[in-house]
Amino acid sequence: MNPAAASDPSTIGPLTLVEYPHPALLRRTRPVTRLDAGLREAVARMFDIMYESQGIGLAANQVALPYRLFVVNCAGRRGDGEEHVFINPMLSRPRGTAVQEEGCLSLPGVRMDVRRPQKIVVDAFSLEGEPIRMDLDGLLSRVVQHEFDHLEGRLFTDRLPEAAALEVRRDLDTFREVFFGRQSRGELPGNVAILAELDRLEAARC
Ligand code: CO
């Protein structure tokens with residue numbers, strides 16, 4: 001990195017997947033108002049990370065970016081299926097109900113049945129700034145709703161009925177112990193530094 005890049009307040013550093021309870025996952029993301037080269041690069045890197053992790057969707061705050069956007073490819077493999085980028089998405093017209101098992105790259109190993117509307121309409125912008133409207137059903141509807149929750153600072157474990165929520169509580173406690181342990185050993189920045197970095201990135205593009 002050259003000194004000019006280092007002093008550019010919009011610089012996005014190397015991206016890595018973050019796990020619960022990283023503060024980026026628990027805070028509502030802000031709409032993007034500036035689609036620049038740095039952001040397009042970050043979106044390309046998000047697809048890389050999603051495929052490497054064998055996911056089918058990834059929200060920006062799962063790589064500690066405080067932006068209202070997520071990427072999806074229901075095939076989960078580069079070159080297969082269709083790649084979608086949803087920027088500043090809004091959901092409407094929920095119809096029907098479906099229960100399906102979900103997992104999350106930010107909660108590896110946890111899988112639970114989640115009840116959601118079966119169909120929804122999503123309005124968003126593409127990476128080129130073009131408006132998108134899609135009426136969704138099936139797996140794409142499920143993934144878009146899961147990723148949208150991330151942007152609101154919610155995880156699928158926030159949507160469980162009481163008995164299932166109790167069951168998952170011990171797993172969440174373990175994730176917290178691991179995360180705070182890594183912070184106390186200096187392997188991860190502390191929450192004050194993490195929040196300051198989120199504020200900096202928001203100021204650059206929101
Ligand atoms: Co997730």
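What you see is a predicted model, and the numbers here were worked out from it, not measured in a lab.

Caption draft 1: Structural view of helix α4 (residues 162-184). Between its first and last C-alpha atoms α4 spans 32 Å; for 23 residues at 1.5 Å apiece the expected length is 33 Å, and the two agree. Roughly 35° is the biggest bend found in α4, and it falls at Val 168. When we look at burial in α4, the residues that qualify are Ala 164, Val 168, Leu 172, Phe 175, Phe 179, Gly 181 and Gln 183. Along its buried surface, α4 packs onto β5 (112-116) and α5 (191-205). Positive phi shows up at Gly 186, right after α4, with a value of about 80°.

Caption draft 2: Geometry of the nonpolar core. Core analysis: the biggest nonpolar cluster contains 23 residues, and Leu 65, Tyr 67 and Leu 69 have the highest contact counts within it. Listing elements by their share of this core, those giving two or more residues are α2 (37-52), β2 (69-72) and β3 (84-95). Element by element, the count of residues in this core is highest for α2, at eight residues. Leu 160, Ala 164, Phe 175 and Ile 194 belong to the second largest nonpolar core, which has 20 residues in total.

Caption draft 3: Layout of the packing of aromatic side chains. Taken as a whole, this structure holds three aromatic pairs when the rule is applied. Their ring planes at 40° and their centres at 5.2 Å tell us that Phe 70 and Phe 86 sit as a pair that is tilted. Of the two residues, Phe 70 is situated in strand β2 and Phe 86 in strand β3; the sequence distance between them amounts to 16 residues. In this structure, Phe 70 and Phe 86 share a single accessibility class: buried.

Caption draft 4: Focus on the pattern of salt bridges. Under the criterion given, the structure shown has 22 salt bridges. In this structure, Arg 28 engages Glu 152 in a salt bridge whose closest nitrogen and oxygen atoms are separated by 3.0 Å. Highlighted residues: Arg 28 in the loop between α1 (3-7) and α2 and Glu 152 in the loop between α3 (138-151) and α4, separated in sequence by 124 residues. Judged by relative accessible area, Glu 152 falls into the partly exposed class, the value being 25%.

Caption draft 5: Spatial organisation of the coordination of the cobalt ion. Every protein donor of the cobalt ion is listed here as Cys 104 (SG), His 146 (NE2) and His 150 (NE2), and their distances to the metal cover 2.1 to 2.3 Å. Spacing between the donor residues of the cobalt ion along the chain follows C-x41-H-x3-H. Of this pair, Cys 104 sits in the loop between β4 (98-102) and β5 while His 150 sits in helix α3, placing them 46 residues apart in sequence.

What counts, and where the lines are drawn
Residues numbered from 1 in each chain as written. Predicted model: local features only at pLDDT ≥ 70, side-chain atom pairs only at ≥ 80, totals over all residues. Heavy atoms only, no water. Helix = DSSP H or I, 4+ residues; strand = E, 2+ residues; numbered from the N terminus. Expected span 1.5 Å × (residues − 1). Bend = angle between axes of the 7 residues up to and from the residue. Buried < 20%, exposed > 50% of the residue type's maximum accessible area, 1.4 Å probe, protein only. Contact = heavy atoms within 4.5 Å. Core = buried A, V, L, I, M, F, W, Y, C linked by side-chain atoms within 4.5 Å. Phe/Tyr/Trp six-rings, centres within 6.5 Å; stacked < 30°, edge-to-face > 60°. Salt bridge = Lys/Arg side-chain N within 4 Å of Asp/Glu carboxyl O. Donors = N, O, S within 2.8 Å, 3.2 Å for Na, K, Ca; no water.

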